[in-house]
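# Fold and geometry: a report
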Amino acid sequence: MDFAAINPLLFISTMVAASIPVLLAALGELVVEKSGVLNLGVEGMMIIGAVCGFITIVHTGSPLLGVLASIIAGGVLALLFGVLTQILHSNQVATGLALTLFGLGLSALLGQNYAGIKPPNFPKPALGFLSDLPIFGQLFFKYDYLVYVAFLLVIGVSYVLSRTRSGLILRSIGENHDAAHALGYHVIRVRLAAIVFGGGCAGLGGGYLAMIRVPQWTEGLTAGAGWIALALVVFASWKPYRVILGAFLFGGVTLLQLNLQAVGVKLNPAYLSMAPYIITIIALVVISGTSSRFATLAPGSLGKLFHKTM
Amino acid sequence: MLVFERRRQPSKFWTTITPVLAVVLTMIVGGIMFALLGKNPVEAIRTIFWSPLFDPNLSAYARPQILVKAAPLVLIAIGLSIGFKANIWNIGAEGQYIMGAIFGGGVALALYPLEAWWIFPLMILSGILGGILWAMLPALLKIKFRTNEILVSLMLVYVSEHFLASVSLGLLRNPDGIGFPGSRNLQQYASASNGELFTGTGIHLGVIAAFVSIFALYGLIKFHRIGFQVRVTGQSERISRFAGVNPNLMVIFCLATGGGLAGLAGIFELSGPTGQLSIDFNVGYGFTAIIVAFLGRLNPFGMALAALLMALTYIGGELAQFMLNLPAAAIQALQGMLLFILLSMDFLSQYRIKIRKLA
């Protein structure tokens, strides 16, 4: 085997791109959970976003429309979850699971004639001389548009959550919905908005996977990325910037195992393919087990039912 | 305006009737989905829900097949329902099912070609053990490190799928298989084969085990102290401590029963209908069983009916694939849709809808 075959610069820039789908999905779920709702349907929303974006980009040839289709598809599915859990008061765990099972089935159905098709190339911004800079060009200025969008989104979410009034309201609803309701905030309305935002992010993450990262459609394309995104939110202790760290860790491990397979490490490829999932479990254990404040990190009303009384 | 008033107790009437209504509604929405796919909706729904049961040319074959497909669903759902009642969410049954098959199948393949009466029981036991061990990972991590059992049990599904791929291409591959992937076929190994009990039906020991598990769960929940403890834990963990429940033992018990029964389903399926370990050995029973558990209201007899219905959609779906060229994925979407519709209708059993005039 030959580790020299792995180019560190290329590795890092590919790792950044590989982490974008889970980064987007986890960021969306973070906002949902901050509002006190646990949506376990991330995997379902991601894969529906993936297939809808892919179909759109193949038919229209327009990356922008593909991106929009991904966001809308994820958002619509999330809205379904929102109506069920917030207005019809269904069990959040069960509804989230239903969303995933339904999303996996529906995506397989929608995408059945699209396997093996290559989508049009996704454009990258022309950053001129910046992209040609040694080292820095490769590390920072050679990505497609969505990579920059994802990082701006992290900054935006972090800012809104911690520095604005809307963010404060959202967090107060997540910490104690009864108190927030008593103060006159619209618990259900805010939560529905957060859920739809989360769905849009998950859909976009799935779309990135199908349109840019792979880029192809296969059944079950997301392969657990949505669940890993859920784990990342816990790993990040509900802090937006830490989601980046978790996503890099996941992206790095995924890529490393692919690279190791490519350079011919004498280990069964099946064991290497398990690595991202096992690392995710270990990360969960480390963060849940070692942080003594862990129980207080999660939003206080997370997953609890809110029933408005007169 | 419409006012939703929470009932003191869920309405018995609506709890019983909503699964039936949900099925009917799913047929209608599913019909619309099929129409959008350019198929005749009435014909599609009839092929899926009616033909396997009542079509004179098909029912003789299809009826016993429904039992065969329902057996693993019942076994897994019965195991999961105990955890769901106690608010312990094992959703990795698919992985425990795979590990049961690998453990049990591994024992049989290691002993090949020895013929002895004790091989089959040993396989079954190690299948159960495989499922339990795999479920103990999320259980122990939850107890020791407070990790979320939903995420860990689900991650382990992917790990077990890769493990299955590695053993069916490597360790357990058939040495006489001239390079083909997959293990030896256990149906051709008399001591390890879980053959059909009634000629021509395909009904195997797993179907009997599923029947037994239904009554075992009923007895456990209704008459045993553990059943009471499970229910109390589900309603309030704090109160359950006062009732003398050890929450850690409860986590272990719930995951062990879920994992053990999933492992049992896996080894029955491997030694019976499937025959050999291969990459596509698992077909999603572990996930469909979650739908079965909810559709059956976590009630043993309800889950049995729900499993029969899901099995019917599998068989009917195969028929529709064959006769109407309907994609296989349509059935998966239909099953997910059913759970969705059911959950939204649960509202009716929890709340009373009243019309109140605005003051």
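Residues numbered from 1 in each chain as written. Chains lettered and ligands numbered in written order. Predicted model: local features only at pLDDT ≥ 70, side-chain atom pairs only at ≥ 80, totals over all residues.

From N to C terminus, chain B includes 15 helices and two strands. Expected size for 359 residues packed as a compact globule is a radius of gyration near 21 Å; at 22 Å, chain B falls within 12% of this value. With respect to the three principal axes, the spread of C-alpha positions in chain B is 80 × 55 × 35 Å. Here chain B holds 359 residues, and the buried ones make up 51% of them. Within chain B, contacts between residues at least 6 apart in sequence are counted, and of these 78% link residues at least 24 apart. (Helix = DSSP H or I, 4+ residues; strand = E, 2+ residues; numbered from the N terminus. Rg over C-alpha atoms; globule rule 2.2 N^0.38 Å. Buried ≥ 20, exposed ≤ 12 C-beta atoms within 10 Å, placed from the backbone. Contact = placed C-beta atoms within 7 Å.)

The next point concerns the overall build of chain A. When helices and strands are tallied, chain A shows 14 helices and zero strands. Listing the helices and strands of chain A from first to last along the sequence gives α-α-α-α-α-α-α-α-α-α-α-α-α-α. By principal-axis analysis of the C-alpha atoms, chain A measures approximately 65 × 45 × 45 Å. Across the 310 residues of chain A, 50% fall into the buried class.

On the side of chain A, 39 residues touch chain B, which itself brings 40 residues to the contact. For the side of chain B that touches chain A, a count of residues per class yields 26 nonpolar, 10 polar and four charged. (Nonpolar A, V, L, I, M, F, W, Y, C, P; charged D, E, K, R; others polar.)

Turning our eyes to something else, we now look at the nonpolar core. Counting residues in each nonpolar core, the largest one holds 207 residues, and the members touching the most others are Leu232 of chain A together with Ile76 of chain B. Apart from residues no more than four positions distant in its own chain, Ile76 of chain B is found in contact with Ala93, Tyr97, Leu261, Ala262, Ala265, Tyr285, Gly286 and Ala289 of chain B. (Core = buried A, V, L, I, M, F, W, Y, C linked by C-beta atoms within 7 Å.)

Below, the discussion takes up helix 4 (residues 59-85) of chain B. Residue and element names in this part refer to chain B. If you check helix 4, its first and last C-alpha atoms are 36 Å apart, about what 27 residues at 1.5 Å a residue would give, namely 39 Å. Maximal helix bending in helix 4 amounts to about 30 degrees, located at Ala70; proline Pro72 follows within four positions. Counting buried positions along helix 4 gives 21 out of 27 residues, so the element sits mostly inside the fold. After helix 4 finishes, the residue Asn87 shows a positive phi value of roughly 65 degrees. (Expected span 1.5 Å × (residues − 1). Bend = angle between axes of the 7 residues up to and from the residue.)

On to the packing of helix 4 of chain B against helix 8 (residues 205-223) of chain B, then. Residue and element names in this part refer to chain B. Where helix 4 meets helix 8, the closest approach of the two axes is 8 Å, and the angle between their N-to-C directions is 35 degrees. Judged by the twist between their axes, the crossing of helix 4 over helix 8 is left-handed. Contacts between helix 4 and helix 8 pair Leu67, Val68, Ala71, Pro72, Val74, Leu75 and Ile78 from the former with Gly206, Val207, Ala209, Ala210, Ser213, Ile214 and Leu217 from the latter. (Axes fitted to C-alpha atoms, helices over the stretch in contact; angles between N-to-C directions. Left-handed = near helix turned anticlockwise from the far one by under 90°.)

Since the α-helix packs 3.6 residues into each turn, any two residues three or four apart lie on the same face. Residue and element names in this part refer to chain B. Relative to the 27 Å expected for 19 residues at 1.5 Å per residue, helix 8 spans 26 Å between its end C-alpha atoms, a close match to the ideal helical length. Within helix 8, burial applies to Gly206, Val207, Ala210, Ser213 and Leu217. Seen end-on, helix 8 carries its buried residues on one side only, within an arc spanning 105 degrees. Seen from the open side of helix 8, the exposed residues pointing more than 90 degrees away from its buried face are Val212, Phe215, Gly219, Lys222 and Phe223. On the buried face of helix 8, the contacting elements are helix 4, helix 11 (247-274) and helix 13 (300-323). (Arc of directions from axis to C-beta.)

As a further point, take the confidence of the model for chain B. Residue and element names in this part refer to chain B. Overall, the predicted model of chain B reaches an average pLDDT of 88, with 99% of residues at or above 70. Of all secondary-structure elements in chain B, the lowest mean pLDDT belongs to strand 1 (residues 2-6), at 74, while helix 6 (residues 119-145) reaches the highest, 94. Our summary of model confidence lists the complex with pTM equal to 0.89 and ipTM equal to 0.86. (pLDDT = per-residue confidence, 0-100.)

If you trace the backbone, Phe102 of chain A turns up in helix 4 (residues 92-110). Considering only alpha carbons, one finds Phe102 of chain A and Gly246 of chain A, 144 residues apart in sequence, at a separation of 28 Å. With residues near it in sequence (within four places) discarded, Phe102 of chain A still touches Gly44 of chain A together with Ala333, Gly336, Met337 and Phe340 of chain B.

So, about the packing of helix 13 of chain B against helix 14 (residues 329-345) of chain B. Residues and elements named next belong to chain B. Put simply, helix 13 and helix 14 touch, their axes get as near as 9 Å, and they point 155 degrees apart. Taken together, the axes of helix 13 and helix 14 lie roughly antiparallel to each other. Between helix 13 and helix 14 the crossing geometry is right-handed. Where helix 13 approaches helix 14, its residues Met310, Thr313, Tyr314 and Gly317 are matched on the opposing element by Ile331, Leu334 and Gln335. Residues of the contact of helix 13 with helix 14, tallied by class, amount to four nonpolar, three polar and no charged. (Parallel < 35°, antiparallel > 145°, perpendicular 65-115°, else oblique.)

Before going further, it helps to spend a moment on the environment of Met33 of chain B. Residues and elements named next belong to chain B. With respect to the helices and strands, the residue Met33 is situated in helix 1 (residues 12-36). The class of Met33 is partly exposed, set by 19 C-beta atoms lying within 10 Å. In the structure, Met33 is positioned 301 residues away from Leu334 in sequence and 8.9 Å away in space, judged by C-alpha atoms.

Moving on, we come to the pairing of strand 2 (residues 351-355) of chain B. Residues and elements named next belong to chain B. Of all five residues in strand 2, zero are buried, a share of ten percent or less. As paired strands, strand 1 and strand 2 are joined by five bridges and run antiparallel to one another. Bridge pairing links Glu5 to Arg352 in strand 2. (Pairing = 2+ DSSP bridges.)

Moving on to unusual backbone geometry. Note on backbone geometry: most residues besides glycine have negative phi, and most peptide bonds are trans. Residue and element names in this part refer to chain B. With omega at 0 degrees, the peptide bond leading from Tyr112 into Pro113 counts as cis. Among the secondary structure elements, Pro113 is positioned in the loop between helix 5 (93-111) and helix 6. Phi at Arg146 takes a positive value of approximately 60 degrees, unusual for a residue other than glycine. Position of Arg146 among the secondary structure elements: in the loop between helix 6 and helix 7 (149-169). Positive phi outside glycine occurs at Asn325, with the angle close to 60 degrees.

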